Amino acid sequence: MHRNILKKLAIITFCLLFTGALVFASGSSQQQTASGKPTLEIGIQTNAFILDFVDNYLTHYLENLHNIDLTFYYLPTDATESRTKVSLLAASNDLPETIWGGGMTREQILEYGTNNLLLALNKYLSNPSVTPYFNAIPQPDRGNILRDTRSADGNNYSFARFQPETWNCTPNRLYINRTWLSNLGLQEPKSTDDLRNVLTAFRDKDPNGNGRKDEIGVFGWYNGTYGENVITSLINAFVYYNPGQLALDASGNNVVASFTDPQFRAALQYLNGLFKDGLLDASTFTTDQQGFRAVLNGTPMVVGLTSMGSVGNFAGNPTQDDNANYRAMAPIMAPLSSPNCPGYTPFNDYVAEQMTFITNKCKNVDLAVKVMDSFYEPTLSIITRFGQENVDWTRDPAILKTQTNAMVYMGLYPGLSSAQIHDIWTKPAAQHWQNLTPRYTPLDVGNTIGNLESPLDPSKPSTMHNAVNYQLLIPRHPQYVLPQLYYSAADGATLSQPITDINQYVSQSVAEFIISTRDINSDAAWNAYLQNLDGMGLQKWIPIAQATYNRQK
């Protein structure tokens, strides 16, 4: 009898251990591991550059920091596949305790949140005693994070990554042929009147010196998607205009359509005048990327003024700095002014990214909140991007004193805040989780990082671009810029067709007014343009955008 009892106990013990092993292997949560420490399950997208998530510097750092054990549930690397996997797990109510990355759309986040699969985090994010590091983020950044991650139901379901970088905020960067300016003894134009005079000289005085009138004044790629639309860049000398978007009035309270403003018409009249005088090339409206690049890289150089977001449009061997045409155009030119406008450049503010979520399967929500909030602590925010301090990066004052970057070199900052020792971002490593974490890095910190592997060479224009862009373009927008709007599902469906129709019509009309297919100087033609916009639903778009802006604000 005694042997039978022992045998049964042994079988039961084995079954319990086996079952536990299966639960652990599947990635499902456990309250504690054999160590007796609390556990937290991390559902995260795999990455070819992360050699190991378990034996990983960041993992060990977190486990030691919080005295916990982390377990991992692996999601597919590809965002679409990960999104599908999460959808299947949500349908079966079998999500991991937390999700890091996951590739979810805003619509999915809202759906899972309203169905209580993801936890609303408002009460945690608003409580400094629970999320001290998040609440230490200064305004306006903290408010912008909440605004950017707030779903249409008013809830925030995620801890965000917010690491503002300025380069992509202002892609409409103007470049003028500085070699031609020098050859003709001209100064860089500051206003639209100055530009007309410069372009006239470019047309008439053979600045490329080949004895032919082959110089093109203004040239661009009208349908380019990353700053190549030089027409947009020049319209902003008259009125703030970001194609495809509405804007805010001077008070910052009211949503308006700048493409109906009288100053927008004035811009088109100016550009039409350039076209009529042979100072703006018609091929701007018909070229494609291949044609745009072919003209930019031609010999001799024939372009006087253009716009682009990437210097990759210039061929490079090994870099663009070796391209004579690029060197003739660099650096970036400041935005132009006009008689009634100080001059702007389209500005796309940096948007916080929703990164980590707590699901309805989480057994210890307070622990999950504590772990996620800790990523906003300054040192951990650097570790999650750059790896181990004094191995992968440093803030040793003795080292930083010997280093610089373009921002510091130009006097925009007094010195570096840190420096990469070597770049682990594009090499297989087990130092971090490829940035699939919450994170906050202020702009000033991001702008003052040096690179010991690639020291600054000021003689190469491309190494100075980001600093020049920061100095000349980042300040050149109105005081109030309409943020990215996140419409509800119903409003999105209502506006889908009108927004498409309106944007296509504005783009077509701009081209037709400039090349005189339609007469921009005719009041009847302009009024017909305005009436057609209303007929396409502009007066429906504006109030919905206003309500959405008010909700997000």
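Residues numbered from 1 in each chain as written. Predicted model: local features only at pLDDT ≥ 70, side-chain atom pairs only at ≥ 80, totals over all residues. Heavy atoms only, no water.

**Overview of helix α2 (residues 57–66)**
For α2, the set of buried residues is Leu58, Thr59, Leu62, Glu63 and His66. On an axial view of α2, the arc spanned by its buried residues comes to 135 degrees, and they lie on one face. Measuring from the backbone nitrogen of Leu58 back to the side-chain oxygen at the start of α2 gives 2.9 Å, which picks out Asn56 as the cap. (Buried < 20%, exposed > 50% of the residue type's maximum accessible area, 1.4 Å probe, protein only. Helix = DSSP H or I, 4+ residues; strand = E, 2+ residues; numbered from the N terminus. Arc of directions from axis to C-beta. Polar contact = N/O pair within 3.5 Å; in protein donor to acceptor, adjacent residues only side chain to side chain.)

**As for the pairing of strand β4 (residues 159–162)**
A two-sided burial pattern is seen for β4, the buried positions comprising Phe159 and Arg161 on one face and Ala160 and Phe162 on the other. As paired elements, β4 and strand β10 (residues 353–358) share 3 bridges and run antiparallel to each other. From the neighbouring strand, Ala160 faces β10, where its bridge partner is Gln354. Pairing geometry for β4 and strand β13 (residues 439–440), over 2 bridges, is parallel. Residue pairing in the sheet places Phe162 in a bridge with Tyr440 of β13. (Pairing = 2+ DSSP bridges.)

**Looking at unusual backbone geometry**
Here Asn317 and Pro318 are connected by a cis peptide whose omega angle stands at 0 degrees. Tracing the chain through its elements places Pro318 in the loop between β9 (303–308) and α13 (324–329). With an omega dihedral of 0 degrees, the bond running from Ala330 to Pro331 counts as a cis peptide bond. In this structure, Pro331 sits in the loop between α13 and β10. Phi at Asn93 takes a positive value of approximately 55 degrees, unusual for a residue other than glycine. Among the secondary structure elements, Asn93 is positioned in the loop between α3 (79–91) and β3 (98–100).

**Focus on the pairing of strand β1 (residues 39–45)**
Among the 7 residues that make up β1, 7 are buried, leaving the element largely enclosed by the rest of the structure. Summarising the sheet, β1 and strand β2 (residues 69–75) pair through 7 bridges and their orientation is parallel. In the strand pairing of β2, Glu41 is matched with Thr71. Tracing the backbone out of β1, into α2 and back to the parallel element β2 gives a crossover that is right-handed. (Right-handed = clockwise from strand over helix to strand, strands pointing away.)

**Section: the side chain of Arg265**
Positionally, Arg265 belongs in helix α11 (residues 262–276). For Arg265, the side chain forms a polar contact with the side chain of Asp523, separated by 3.0 Å. Once you skip the residues sitting within four places of it in the chain, Arg265 turns out to touch Ile520, Asn521, Ser522, Asp523 and Trp526. (Contact = heavy atoms within 4.5 Å.)

**Quick word on the pattern of salt bridges**
Under the definition given, this model contains 12 salt bridges. Of the charged contacts, one joins Arg395 and Glu389 as a salt bridge, the two residues approaching to 2.7 Å between their closest N and O atoms. Judged by its relative accessible area of 24%, Glu389 is partly exposed. Among the salt bridges present, the one from Lys427 reaches Glu453, with a minimum N-O distance of 3.8 Å. With Lys427 in the loop between β12 (418–420) and β13 and Glu453 in the loop between β14 (449–451) and α19 (461–472), the pair connects residues that are 26 residues apart, well separated along the chain. Taken together, the shared-partner salt bridges connect Arg178, Glu188 and Lys190 into one network. (Salt bridge = Lys/Arg side-chain N within 4 Å of Asp/Glu carboxyl O.)

**Overview of helix α22 (residues 538–552)**
Under the 1.5 Å per step criterion, the end-to-end length of α22 is 21 Å for 15 residues, consistent within 8% with the ideal 21 Å. For α22, the full list of buried residues reads Leu538, Trp541, Ile542, Ile544, Ala545, Gln546, Thr548, Tyr549 and Gln552. Packing partners of the buried residues in α22 comprise α7 (141–149), β7 (247–248), β8 (255–256), α20 (489–514) and α21 (523–536). (Expected span 1.5 Å × (residues − 1).)

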